[in-house]
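Take a look at the letters that make up each chain.
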Amino acid sequence: MPITLEQLNRAPLAEATQMLDGLYEHSPWIAEQALAQRPFASLAALKHAMVTVLNQAGREPQLALIRAHPELAGKAMVRESLTAESTNEQTKAGLTNCTPEEFAHIQQLNAQYNAKFGFPFILAVRGPRGVGLNKREIIATFERRLGHPVDFERAECLRNIHRIAEIRLNDKFGFEPTVGHRVWDWHEDLARHSDPGFAEHGQLTVTYLTDAHRACAADIAARMRDCGFDEVHIDAVGNVVGRYHGSTPDAPALLTGSHYDTVRNGGKYDGRLGIFVPMACVQQLHTAGRRLPFAFEVIGFAEEEGQRYKATFLGSGALTGHFNPAWLDQLDADGVSMRDAMRHAGLPATLEAIGALERDPSKYLGFVEVHIEQGPVLNEMDLPLAVVTSINASVRYLCEAVGIASHAGTTPMDRRRDAASAVAELALYAEQRAAADGDSVATIGMLQVPGGSINVVPGRCLFSLDLRAPSNEQRDALERDILAQLRGICERRGIGLKTEETMRAAAAPSAPAWQARWEKAVAALGVPLHRMPSGAGHDAMKLHEVMPQAMLFVRGLNSGISHNPLESTTSDDMELGVNAFSHLLDQLATEHPN
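Everything in this summary refers to the structure shown in the same document. Note that the structure is a prediction, hence the values are computed from the model and not measured. (Residues numbered from 1 in each chain as written. Predicted model: local features only at pLDDT ≥ 70, side-chain atom pairs only at ≥ 80, totals over all residues. Heavy atoms only, no water.)

Helix and strand counts for the protein come out as 22 helices and 16 strands. In terms of C-alpha radius of gyration, the protein reaches 26 Å, essentially the compact-globule figure of 25 Å for 594 residues. Expressed along its principal axes, the backbone C-alpha trace of the protein runs to roughly 75 × 70 × 45 Å. Looking at the 594 residues of the protein, the share that counts as buried comes to 55%. In the protein, the share of contacts with a sequence separation of at least 24, taken over all contacts with a separation of at least 6, comes to 78%. In the form shown here, the protein has an accessible surface area of approximately 24500 Å², with 52% of it arising from carbon and sulfur atoms. (Helix = DSSP H or I, 4+ residues; strand = E, 2+ residues; numbered from the N terminus. Rg over C-alpha atoms; globule rule 2.2 N^0.38 Å. Buried < 20%, exposed > 50% of the residue type's maximum accessible area, 1.4 Å probe, protein only. Contact = heavy atoms within 4.5 Å. Areas by Shrake-Rupley, 256 points an atom, 1.4 Å probe, with all protein chains shown as cover.)

So this is what it looks like as structure tokens:
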């Protein structure tokens, strides 16, 4: 019979410890110490209590716990001396049914890993959905993590141990994150659409108004209808708009959503999580036959990443009246204008139709957005959720440094006009300048030497600048210093310079009342409250210009990496995100009764 929280909270310590036996490999002390924090209001609270115990235990007990785990497909498996829990997990991952070649490769990886780190490789082989990673995924993860620094990998092992314990705890309590599984499956299903040149390599790339992009829009619209939305349509810029009516026709609306386009070779959750989480909430409302005292509008924004055209936040900008008419004449890499791309997609491509998308803020309560964190903070803290305090200000440039291409062997070092070296000097300065600012960041993410050759001093260098800071003032100071340094470097080196500002976004602090609602929702789940700024830009930045906004972050796996195929999160964390959103809706319903 499954355990209940009531039973666990009331049982004597020895009995309660026995109930939690097997969560952490041969280490009952973790559960025993965590039980001192009873009563637990939720499974999430119990999970975090055990995380806290292990975090505070210190290095040696942590290493002992890691070493208590068996190797994957190792000697313990061959001897059939694994614990029942480990046997179940390795069997689900297919590790008890390896080919001789697979087994030999895993044994080689085990030996290399132990030689480098001094402890066994730990991986939650049941994966983010709990159904089991396949052998190919396990081996690829093993090979990748061999390159980690030792301290980082020790922490990664502990994070995987907590995930293993979470799944085992779910099993003991008979808990299945059904809604989280559904949302996870929606992400997997949508990821089958990808642009040509990437789809063939199993990479996810969905850029504005490509066939893959339009297929995503059609799928999202169909799923919205299945979830029970009353109105669903694709608007004049390709946004997918779903509306769940309130209990009265003239009720104001809560606006939410995020983007469904991706960066090139990106991840499955960036943006899309903020569409699917509120869709799951609508599905629950529809199933229960429940209407809220306000309408609920969920939008899958067509473009946020600025990948095909230099038109970042096009989708959300259309709602705030900030669509730039010049965008229609922009050409993509194949020479296709945005106007023609829109017409090919069946969109009107007229400023009149696009202008009609602008929302009247007086008809909306505000805008909220759920997003994967896209960073390592929650992952390192072992926290599933965080409330965003502000979205950082940012500015982007595309630049060109122009020197003289010359022979690498005959041009003396003091006679060179090396464009790439000038940019390299800037990169080091930008790194130091941003680091001195605390939460500021500076990135040269693109750096190219067109027509470069191994024996030619670079005559041209194309590069980008991405500068971000928590406030407009801090961003502006960072921008002034870096651009001044760039001009000084180029002047000293005899390098010509061209700069083009491609994006500027003001800081977007969360509206206090909406931030408080998210905080109350997180606390109600029994999850510790963590507040943090967002270093990444989001559609909420645009909506912030016309209405109050606030965001909720969901933890990412693999050190929170994003804009990368390794971007991931668990169905357990997604379910917590849905539950937090549902709680926010309940708060609003209480605040705005009929």
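Still to come is the rest of the account.
Before going further, it helps to examine the nonpolar core. If you look at the biggest cluster of nonpolar residues, it comprises 80 residues, and the most contacted ones within it are L254, M279, M338, M342, W518 and F581. Residues within four places of W518 in sequence aside, it is in contact with V368, E369, V370, V387, A550, M551, L552, A580, F581 and L584. (Core = buried A, V, L, I, M, F, W, Y, C linked by side-chain atoms within 4.5 Å.)

Glancing now at the pattern of salt bridges. A pair can form between side chains of opposite charge whenever their charged atoms are brought close. Applying the stated criterion across every chain, the model contains 42 salt bridges. Here R415 makes a salt bridge to D414, at a shortest N to O gap of 2.7 Å. For the pair shown, R415 and D414 are each scored as exposed. Measuring nitrogen to oxygen at the nearest pair gives 2.9 Å for the salt bridge that ties R475 to D476. With relative accessibility at 5%, the residue R475 sits in the buried group. (Salt bridge = Lys/Arg side-chain N within 4 Å of Asp/Glu carboxyl O.)

A separate point is the pairing of strand β2 (residues 240–244). Taken residue by residue, a regular strand's side chains alternate between the two faces of the sheet. The buried fraction of β2 is high, at four of five residues. Judged from the four bridges that link them, strand β1 (residues 231–234) and β2 form a sheet pairing that is antiparallel. Looking across to β2, one finds that H233 is bridged to V241. Where β2 meets strand β4 (residues 295–301), five bridges bridge the pair, whose relative direction is antiparallel. Each residue of the ladder has a partner; that of Y244, found in β4, is F296. (Pairing = 2+ DSSP bridges.)

Taking 1.5 Å as the rise per residue, helix α12 (residues 211–227) with 17 residues should run 24 Å; its terminal C-alpha atoms sit 24 Å apart, in good agreement. For α12, the full list of buried residues reads A212, H213, C216, A217, I220, A221, M224 and C227. Looking at the packing, one finds that the buried side of α12 touches α11 (178–190), β1, β2, α13 (273–288) and β4. Trailing α12 by a residue or two, G228 shows a phi angle of about 110°, which is positive. (Expected span 1.5 Å × (residues − 1).)

It is at 9 Å that the axes of α13 and helix α22 (residues 571–591) come closest, and there the two elements cross at 60°. By the criterion of interaxial angle, the relationship of α13 to α22 is oblique. Once α13 is placed against α22, the crossing between them reads as right-handed. Residues L273, V277, P278, A280, C281, Q284 and L285 of α13 form the contact with α22, whose participating residues are M574, G577, V578, F581, S582 and L585. When grouped by side-chain class, the residues that make up the contact of α13 with α22 number 10 nonpolar, three polar and no charged. (Axes fitted to C-alpha atoms, helices over the stretch in contact; angles between N-to-C directions. Parallel < 35°, antiparallel > 145°, perpendicular 65-115°, else oblique. Left-handed = near helix turned anticlockwise from the far one by under 90°. Nonpolar A, V, L, I, M, F, W, Y, C, P; charged D, E, K, R; others polar.)

Along the chain, the position of E369 falls in strand β5 (residues 364–372). Here E369 is buried and forms no salt bridge, its nearest opposite-charge partner R272 lying at an N-O distance of 12 Å. A polar side-chain atom of E369 sits 2.7 Å from a polar atom in the side chain of S258. The contacts of E369, once residues within four sequence positions are left out, are T256, G257, S258, W518, H538, D539, A540, A550, M551 and L552. (Lys, Arg positive; Asp, Glu negative; His and termini not counted. Polar contact = N/O pair within 3.5 Å; in protein donor to acceptor, adjacent residues only side chain to side chain.)

Here we take up the packing of α11 against α12. Between α11 and α12, whose axes approach to 11 Å, the crossing angle comes to 150°. One way to sum up the angle between α11 and α12 is to call them roughly antiparallel. Considering how the two elements wind past one another, α11 and α12 form a crossing that is right-handed. Contacts between α11 and α12 involve W186, D189 and L190 on the former and, on the latter, C216, D219, I220, R223 and C227. Class assignment of the residues belonging to the contact of α11 with α12 gives a composition of five nonpolar, no polar and three charged.

Of note, the amide linkage connecting R38 to P39 takes the cis form, showing an omega dihedral of 0°. Relative to the assigned elements, P39 resides in the loop between α3 (29–34) and α4 (43–57). In the Ramachandran plot, F313 falls in the positive-phi region, its phi being about 65° despite a non-glycine side chain. Tracing the chain through its elements places F313 in the loop between β4 and α14 (314–319). Residue F313 is classed as buried on the basis of its relative accessible area, which comes to 6%.

If you walk through the whole model with that rule in mind, you get 11 aromatic pairs. Note on F117 and F119: the rings are 5.7 Å apart at their centroids and 25° apart in plane angle, and the pair reads as stacked. For the pair formed by F117 and F119, the shared burial category is buried. Between F323 and W327, the ring centres sit 5.2 Å apart and the planes meet at 85°, which makes this aromatic pair edge-to-face. Assigned by exposure class, F323 and W327 land together as buried. Feature note: the residues Y113, F117, F119, F121 and F142 constitute an aromatic cluster, connected by ring pairs. One Lys or Arg, R291, reaches over the ring of Y244 and ends 4.3 Å from the middle of that ring. (Phe/Tyr/Trp six-rings, centres within 6.5 Å; stacked < 30°, edge-to-face > 60°. Lys NZ or Arg CZ within 6 Å of the ring centre and 35° of its normal.)

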